Amino acid sequence: VELMAGEADEIDAYLRRLFPLARSITGEPNRQSLRVLQELIPLEVHEIPSGTKVYDWTIPDEWRLHRAWIENSSGRRLVDFACSNLHVVSYSVAVDRWMYWAELAPHIHSHPQLPKAIPYRTSYYESNWGFCVTAAQYDELARETRPLRVLIDSELFPGSLTYGELLLPGTSTQEILISTYICHPSMANDNLSGMLLTAFLAKHLLKKSKLRWSYRFVFVPETIGSIAYSALNEQAMKKIDIGLVVATVGGPGKFSYKQSWNPLHEINRLAEASLAKLEEDFDRYPFDIHGSDERQYSSQGFQINCITVAKDRYYQYDEYHSSLDNLSFVNGSQIEKSLTIYVDLLERIESRRIFDCRIRHGEVMLSRRGIYPKRGGELLPNTNDYSELDLTLWLLRFCDGRRSLEDMSLELKVDIEVLLKIVEKLTHENLLYEI
Ligand code: ZN
C-alpha cells in the first residue's frame with residue numbers, strides 16, 4: 001500500500017485530461033484516450049474494420065460527431081453539444097432541419113429522477129438521433145411554439161473499432177485477464193475510473209522484475225469490444241480461468257464485488273479476503289446476466305470466472321449514467337483506495353501456488369505408503385482443529401491443478417504454512433506436483 005503513496009494526485013491529473021473526451025464504441029476520442037494511457041503503460045492499440053463479423057455481431061460503422069445544437073427561431077441556442085458531450089445520443093445520425101416541438105419531443109430525453117442531470121443515452125444498433133437535456137432545458141424547449149432549428153452534424157462511415165491490449169508474460173503461460181471498457185463519454189465513475197485504475201494496476205505489475213502468471217490487459221468498448229476481442233483471441237481466451245472486469249471504482253460510497261459465474265470459484269474468496277483488509281462493510285452481488293463484459297467472458301464458450309470489485313457500483317448510485325457522475329463525485333484518492341484493493345488482490349493471485357495430484361480416481365491409499373498419520377499425534381498450531389489426517393485428505397481432494405493452496409487455506413481457515421508442510425510430504429511421496 002505504501003507503493004501507492006502520491007498516486008492520487010497523478011490519477012487526478014489524468015481524470016481531468018480524459019474526462020472531456022467524447023468517447024463512444026468507436027471514434028477518434030477513443031484513440032486519443034488510449035494514447036493518453038500509453039503515457040502510463042506500453043499499450044498496443046489495434047483496429048478492427050467496420051463490417052468484420054465477430055460471432056453473432058458485426059463491427060459497426062465508425063461514428064464522428066462534429067457539432068450539434070438546437071436553436072429557437074430567434075437564434076438562441078437552447079442545447080449545445082459544446083457544453084456537454086452527453087447532450088447528444090451516442091451514434092446519432094445526422095439531422096439538419098426546422099421542426100415543431102411535437103415532432104422533436106420524442107427525440108429529447110431528460111433524467112426521470114434528477115432534474116439537474118443530463119442523462120446518458122446511446123443508440124448504437126438502431127439508426128436514430130436524439131438529445132439529452134436537463135429538466136430546465138426540456139421545459140424551455142417544450143414552451144417553444146415556433147419551429148426549432150435542429151442540427152446534428154455527424155457521420156457514420158466504414159472505419160474501425162479501436163482497442164488497447166497489454167500482454168505481460170510470466171513464468172507460467174497461464175493467463176489472468178484484466179479488462180475494462182473505454183466507450184463512455186464524460187462520466188467519471190462509469191467508466192473513466194475503471195480505465196485509470198486498470199492502467200495504474202498494469203503499471204504496478206510492470207514494476208515487478210518477475211511474474212509467476214501471465215497477464216492480459218484489455219481496454220475495449222463494452223459488449224461489442226469484448227465480443228470482438230474474444231473472437232480474435234479465442235484460443236488464448238478459452239484457456240483463461242480468472243478474470244477481473246474493472247468498472248465503477250471511483251465513487252465516494254461503498255465497496256462491493258460481483259461474484260463470478262461459479263460462486264465457489266476461488267477468485268471470490270480471494271476478493272473477499274482483499275476487501276476484508278479494509279475493515280469496512282462491503283456488499284456482495286451474486287453473478288447476474290446483466291452487468292459489464294463478464295457477460296461475454298463467462299459466456300458458454302469461455303466460462304472465465306470474472307469478478308468486479310467496485311466502489312459505488314453501476315446501477316447502484318443515483319448519479320449513474322448522468323452528467324452528475326462527474327469530477328465532483330469521483331477523485332483520485334477514491335480511485336487510489338480501490339487500486340489498493342486490486343493491488344492486494346493481484347498479489348494474492350500472483351502468489352498462488354497450485355498443485356495437482358497424480359492419482360485422479362478414488363482415494364489415495366495412504367497406509368501402503370506409510371504416510372497414514374498416527375492418530376492422537378501432535379496437533380500443529382493454527383490448524384482449526386483439523387488433524388493431520390484430515391488435512392492430508394482434504395489436500396489430496398482439493399489439489400486439482402487449478403485451485404491454489406491460498407484458497408484452501410482461506411476455505412479451511414488453516415495457516416498456509418501448515419498446509420505447505422503436508423504438501424511437502426505429499427510431494428516427496430510423488431503424490432502431488434506443483435503446476
Ligand atoms: Zn455504463
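Look up: the structure comes first, before these words.
Our subject in this report is the structure included herewith. Since the model is a prediction, treat every value here as computed from it, not as a measurement.

A short note on the sheet that holds strand β19 (residues 432-434)
Judged by pairing direction, the sheet is antiparallel, and its 3 strands sit side by side in the order β18-β17-β19 without closing on themselves. Here the strands that pair on one side only, and so sit at the sheet edges, are β18 (400-404) and β19. Averaged over all pairs of adjacent strands, the angle between their axes in this sheet comes to 35 degrees, without regard to strand direction.

Here we look at the environment of Glu294
Relative to the assigned elements, Glu294 resides in helix α9 (residues 294-297). On a C-alpha basis, the gap between Glu294 and Tyr257 in space is 13 Å, while along the polypeptide they are 37 residues apart. Leave out the neighbours within four places in its chain, and Glu294 touches Val245, Lys258, Phe287, Ser299, Cys306, Thr308 and Tyr314. At a separation of 2.9 Å, a polar atom in the side chain of Glu294 contacts the main-chain amide nitrogen of Ser292.

Topic: the packing of helix α13 (residues 405-412) against helix α14 (residues 416-428)
For the pair α13 and α14, the least separation of the axes is 9 Å and the interaxial angle reads 120 degrees. Judged by the inter-axis angle, α13 sits oblique to α14. Considering how the two elements wind past one another, α13 and α14 form a crossing that is right-handed. Judged by residue contacts, Leu405, Glu406, Met408, Ser409 and Leu412 of α13 engage Ile416, Leu419, Leu420 and Val423 from α14. Of the residues that constitute the contact of α13 with α14, the class distribution is 7 nonpolar, 1 polar and 1 charged.

A word on the coordination of the zinc ion
Looking at the zinc ion, one finds its protein donor set to be His184 (NE2), Asp190 (OD) and His321 (NE2), positioned 2.1 Å from the metal centre. Exposure remark for His184: the relative accessible area of 5% places this residue in the buried category.

Topic: the sheet that holds strand β6 (residues 95-99)
Strand pairing in a sheet is mediated by backbone hydrogen bonds. Such pairs are either parallel or antiparallel. On the basis of which strands lie adjacent, the open sheet formed by 4 strands has the order β5-β4-β9-β6 and antiparallel pairing. On the outer flanks of this sheet lie β5 (77-80) and β6, each paired with one strand and no other. Ignoring strand direction, the axes of neighbouring strands in this sheet form an average angle of 15 degrees. Pairing analysis gives 9 bridges linking strand β4 (residues 62-71) to strand β9 (residues 148-157), with the strands arranged antiparallel. Its bridge partner lying in β9, Glu62 is registered against Phe157. Set on the sheet, helix α4 (residues 135-142) makes contact with β4, β5 and β9; between it and β5 the angle comes to about 135 degrees.

Rules behind the numbers
- Residues numbered from 1 in each chain as written.
- Predicted model: local features only at pLDDT ≥ 70, side-chain atom pairs only at ≥ 80, totals over all residues.
- Heavy atoms only, no water.
- Pairing = 2+ DSSP bridges.
- Helix = DSSP H or I, 4+ residues; strand = E, 2+ residues; numbered from the N terminus.
- Axes fitted to C-alpha atoms, helices over the stretch in contact; angles between N-to-C directions.
- Contact = heavy atoms within 4.5 Å.
- Polar contact = N/O pair within 3.5 Å; in protein donor to acceptor, adjacent residues only side chain to side chain.
- Parallel < 35°, antiparallel > 145°, perpendicular 65-115°, else oblique.
- Left-handed = near helix turned anticlockwise from the far one by under 90°.
- Nonpolar A, V, L, I, M, F, W, Y, C, P; charged D, E, K, R; others polar.
- Donors = N, O, S within 2.8 Å, 3.2 Å for Na, K, Ca; no water.
- Buried < 20%, exposed > 50% of the residue type's maximum accessible area, 1.4 Å probe, protein only.

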